Amino acid sequence: MTDVQAPPRPKRKKNIMDLLVQFRWIVVIFVVLPLSFLYYFSIYVGDVRSECKSYKQRQKEHDENVKKVVKRLKDRNASKDGLVCTARKPWVAVGMRNVDYKRARHFEVDLSPFRNILNIDTERMIAKVEPLVNMGQISRVTVPMNVSLAVVAELDDLTVGGLINGYGIEGSSHIYGLFSDTVVSYEVVLADGQVVRATKDNEYSDLFYAIPWSQGTLGLLVSAEIKLIPIKEYMKLTYKPVVGNLKEIAQAYIDSFSPKDGDQDNREKVPDFVETMVYTPTEAVCMTGRYASKEEAKKKGNVINNVGWWFKTWFYQHAQTALKKGEFVEYIPTREYYHRHTRCLYWEGKLILPFGDQWWFRFFFGWAMPPKVSLLKATQGEYIRNYYHENHVIQDMLVPLYKVGDALEWVNREMEVYPLWLCPHRLYRLPLKTMVYPEPGFELHKRQGDTKYAQMYTDVGVYYAPGPILRGEVFDGIEAVRKLESWLIENHGFQPQYAVSELTEKNFWRMFDGSLYENCRKKYRAIGTFMSVYYKSKKGKKTEKEVQDAEQETAEVETPEVDEPED
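Just so you know, the residues in each chain are numbered from 1, in the order the chain's sequence is written. Side-chain atom pairs in this predicted model are given and counted only at pLDDT of 80 or more, local residue features only at pLDDT of at least 70, and totals for whole chains, interfaces and linings cover all residues. Only hydrogens and water are set aside; all other atoms, that is, all heavy atoms of the structure, feed into the side-chain values.

1. Details of the overall build of the protein
Cut-off, in case you're wondering: Numbering of helices and strands runs from the N terminus; a helix is a DSSP stretch of H or I covering at least four residues, while a strand is a stretch of E covering at least two. Burial classes: relative accessible area under 20% of the type maximum marks a residue as buried, over 50% as exposed, and values in between as partly exposed (1.4 Å probe, protein chains only). Any pair of residues with heavy atoms lying within 4.5 Å of one another is described as a contacting pair. To be clear on the numbers: accessible area is Shrake-Rupley with a 1.4 Å probe, and residue cover counts the displayed protein chains and nothing else. When charges are counted, Lys and Arg contribute as positive and Asp and Glu as negative, whereas His and the chain ends are disregarded. Taken as the charge centre is NZ of Lys, CZ of Arg, CG of Asp or CD of Glu, depending on the residue.
Helix and strand content of the protein: 24 helices and 15 strands. Oriented by its inertia axes, the alpha-carbon framework of the protein measures out at about 65 × 60 × 55 Å. Split into buried and exposed, the 567 residues of the protein put 58% on the buried side. In the protein, once contacts between residues fewer than 6 apart in sequence are set aside, the share between residues at least 24 apart is 76%. Carbon and sulfur atoms make up 54% of the accessible area of the protein, which totals about 24700 Å². In the protein, 77 positive and 75 negative side-chain charges are present, and the distance between their average locations comes to 5 Å.

Here you go:
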């Protein structure tokens, strides 16, 4: 058993909000799921119509839409109109953070037409796509061609623009880095309406490195060229159970993909895909995958598991069976593997629909899953949204790989959230210091997983109701998030901005490096046109005056002010 135990907590008094949340499944079943199905179907029809057009026609329509964006920006009167933002409704974003900045006066630019795949170049191994193309859409096109994006985020709804401007990771990130690390070029409309193409080695290289994590506050992304890799039809997946304390689980996870001899670039020693799910403080399952051909998968004796079928056991529960039956291997169709967590939203589906994992629901209604996250947000109201912020955790902790054991013990002590998702990723040492960056001198320590050019990090995904809430005890979710953010700052970790944050501006710039970002804000005239990344990510409602004051303050400050670490 782990030595780290949460202190006893007093019982929590229930109120009307607990009752509304407990029976919210009624709204989900009769409102959200039907609307989600209709929405997904309409989007699918639109995607199919787009795919029927030639690449030349799509590019022509793209150029026309870019001209409309340029004209819209040039029509803006900076002295009268508000800051620029997209016309997308606040509740549409996939992240749980509500887009409250749009409650202030703003100048909308419609980017809704930008959801087309412009080209799949299998010679250059480049996909050119617009920002609203989502992962399900692009995998549906590329996988039958035996090519894929190097990093395909697990949830179908996640868009290229969101993964670039925010944060994107997948089980292949220990090889390729975060989603933004696989981008070859950005097509961006700047504040003055100028359209530029930014690459790592042209005159806009500083903008190229500043865009990731900037939340669209440097310009409007209208297309991106992204690296493709060759793939095979199946994923050969090995499930390995681990029993021990949290430090032992952490080491087993590290060993699953990091050779102890430091040969991290040897593809013979490193699997194509990695993830681990921690189910209790003493139990986890490590999964490693390698691409496999159809011929290999269908050999006699091999087990093929179509995890994408609507009636199948939810993936995280299927993986958990390894704790009882021991290590096993199976073959999963590649596209179904990519989106294995979509149907049950990792394990959040269990909270949304308590009976959603039952065989009868999966068989009769599983085809309607998942409920669209944006519709869940649209139907929850402000009071339920605040309830979730206080009694629920949806956070990711990006921490150096060698500190993953400490992170697991911290989460167990402060939140008691299970399951936990572990997924490694390379954090590259780049020519310019970006908002997220490796620990200084990491290469000198030669730790397991690190190379000379990149430090291995890991994402600890914390998504569920904390243990105290499940036991009916008092739990302060807001204070827990503040502690999580402080722990990340102290341990050179990062918090993705999709999540609800309690960071002050000073602490935000203690966590992230703002030098390149602020220089690009000034150089490309984003100040006074686009809201700053901190203010855009800040929790709570914003008034027009607050927006104007924040922009004025940003224009006057040479470099971001930071707090000194506390003793």
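2. Some points on the packing of aromatic side chains
Rules: Side-chain rings of Phe, Tyr and Trp (the six-membered ring for Trp) are treated as a pair once their centres are within 6.5 Å; stacked means planes under 30 degrees apart, edge-to-face means over 60, and tilted covers the remaining angles.
On inspection of all chains with the given rule, the structure shows 36 aromatic pairs. Here Y167 and W213 contribute two aromatic rings whose centre-to-centre distance is 5.7 Å and whose plane-to-plane angle is 50°, an arrangement assigned as tilted. Pair noted here: Y167 is in the loop between α5 (160-165) and α6 (173-176) and W213 is in the loop between α7 (205-210) and β8 (220-230), with a separation of 46 residues, a long-range link. Classification of Y167 by relative accessible area gives buried; the value is 14%. Note on F208 and Y209: the rings are 5.3 Å apart at their centroids and 85° apart in plane angle, and the pair reads as edge-to-face.

3. Comments concerning the pairing of strand β10 (residues 273-280)
Where a strand is regular, its side chains alternate between the two sheet faces. The condition is simple: A pair of strands counts as paired when DSSP detects no fewer than two bridges linking them.
Counting buried positions along β10 gives seven out of eight residues, so the element sits mostly inside the fold. Pairing analysis gives seven bridges linking β10 to strand β11 (residues 283-292), with the strands arranged antiparallel. By the bridge assignment for β11, E275 is matched with M287. Adjacent in sequence and paired antiparallel, β10 and β11 are bridged by two residues. Relative to strand β14 (residues 420-428), β10 runs antiparallel, the two sharing three bridges. From the neighbouring strand, T276 faces β14, where its bridge partner is L422.

4. Observations concerning the sheet that holds β14
Strand pairs in the sheet, formed through backbone hydrogen bonds, run parallel or antiparallel to each other. The test is simple: All axes are obtained by fitting lines to C-alpha atoms, using only the stretch in contact for helices, and the reported angles, taken between N-to-C directions, cover 0 to 180 degrees.
Read from one edge of the open sheet, seven strands run β12-β9-β11-β10-β14-β15-β13, paired in antiparallel fashion. The open sheet has two edge strands, β12 (328-333) and β13 (393-400), and neither has a second partner. The sheet shows a mean angle of 25° between the axes of neighbouring strands, direction not considered. In the sheet, strand β9 (residues 234-243) pairs with β11 via 10 bridges, with the strands oriented antiparallel. For Y239, the partnering residue across the bridge sits in β11 and is M287.

5. Observations concerning the pairing of β12
Of all the six residues making up β12, five are buried; the element is thus mostly covered by neighbouring parts of the structure. As paired elements, β9 and β12 share six bridges and run antiparallel to each other. Considered in β12, the bridge of Y239 is made with F328.

6. Observations regarding the nonpolar core
Applied cut-off: Take the buried residues of types Ala, Val, Leu, Ile, Met, Phe, Trp, Tyr and Cys, join any two whose side-chain atoms come within 4.5 Å, and each joined set is a nonpolar core.
Formed by 139 residues in total, the largest nonpolar core has its most connected members in Y239, M397 and M415. With six residues, strand β15 (residues 454-464) is the single largest residue contributor to this core. Excluding residues within four positions of it along the chain, Y239 makes contact with V285, C286, M287, F315, H318, A319, A322, E327, F328, E330 and I332. Counting 15 residues, the second-largest nonpolar core is a separate cluster that includes V70, L73, F107 and F530.

7. Examining the environment of V474
Counting through the fold element by element, V474 comes out in the loop between α19 (467-470) and α20 (477-490). Classification of V474 by relative accessible area gives partly exposed; the value is 38%. For the pair V474 and L73, spaced 401 residues apart in sequence, the C-alpha separation works out to 49 Å. Dropping the residues within four chain positions of it, V474 is found in contact with R9, P10, K11, R12 and P468.

8. Overview of the side chain of E473
Operational definition: By the criterion applied in these results, polar contacts are pairs of N or O atoms within 3.5 Å in which, for protein atoms, one can donate a hydrogen and the other can accept it, and in which residues neighboring in sequence qualify only through two side-chain atoms.
Mapped onto the fold, E473 is located in the loop between α19 and α20. Judged by its relative accessible area of 12%, E473 is buried. A polar contact is formed between the side chain of E473 and the side chain of R471, at a distance of 3.1 Å. In this structure E473 touches R9, P10, K11, R12 and P468, once residues within four positions along its chain are discounted.

9. Quick notes on the packing of helix α2 (residues 25-51) against helix α4 (residues 135-142)
For the record, the criterion: By definition in this entry, angles of less than 35 degrees are roughly parallel, angles greater than 145 are roughly antiparallel, angles of 65 to 115 are roughly perpendicular, and the rest are oblique. What makes a crossing left-handed is the near helix being turned counterclockwise from the far one by less than a right angle; a clockwise turn instead makes it right-handed. Amino acid classes used here: Ala, Val, Leu, Ile, Met, Phe, Trp, Tyr, Cys and Pro are nonpolar; Asp, Glu, Lys and Arg are charged; the rest, including Gly, are polar.
At a minimum axis distance of 11 Å, the contact between α2 and α4 shows a crossing angle of 40°. The angle between α2 and α4 places the two elements in the oblique class. α2 and α4 meet at a crossing whose hand is right-handed. Taken together, the residues of α4 that come into contact with α2 (itself represented by Y44, D47 and E51) are Q137, R140 and V141. For the contact of α2 with α4, the class distribution of residues is two nonpolar, one polar and three charged.

10. So, unusual backbone geometry
Looking along the chain, the bond that leaves M369 and enters P370 is cis, with omega of 0°. Its location among the elements puts P370 in the loop between α14 (359-365) and α15 (373-378). The omega angle of the peptide bond from Y418 to P419 is 0°, so this bond is cis rather than trans. By the element assignment, P419 lies in the loop between α17 (404-414) and β14. The phi dihedral of E416 is positive, around 55°, even though this residue is not glycine. Relative to the helices and strands, E416 is located in the loop between α17 and β14. Residue classification places E416 among the buried positions, given a relative accessible area of 17%.

11. Side note on the packing of α17 against α20
Running from N to C, α17 and α20 point in directions that differ by 165°, and their axes come no closer than 11 Å. With respect to α20, the element α17 is oriented roughly antiparallel. Of the two possible hands of crossing, α17 and α20 adopt the one that is right-handed. Contacts from D406, A407, W410 and E414 in α17 reach A480, K483, L484 and W487 in α20. Here the residues of the contact of α17 with α20 sort into five nonpolar, no polar and three charged.

12. Focus on the confidence of the model for the protein
Counted only if it meets this: pLDDT is a residue-level measure of predictor confidence that goes from 0 to 100.
Confidence in the prediction of the protein, expressed as mean pLDDT, is 90, and 91% of residues score 70 or more. Overall, residues 559-567 carries pLDDT values under 50, and its contacts beyond four positions in sequence, including any with other chains, amount to 14 contacts.

13. Considerations on the UniProt feature "transmembrane region" (unreviewed entry) in the protein
Condition: UniProt positions are given in the numbering used here, feature names are shortened, and annotations may be inferred rather than shown by experiment.
Per the UniProt record, "transmembrane region" (unreviewed entry) is found at residues 21-41. Taken end to end, residues 21-41 comprises 90% helix and 0% strand; its first and last C-alpha atoms sit 28 Å apart.

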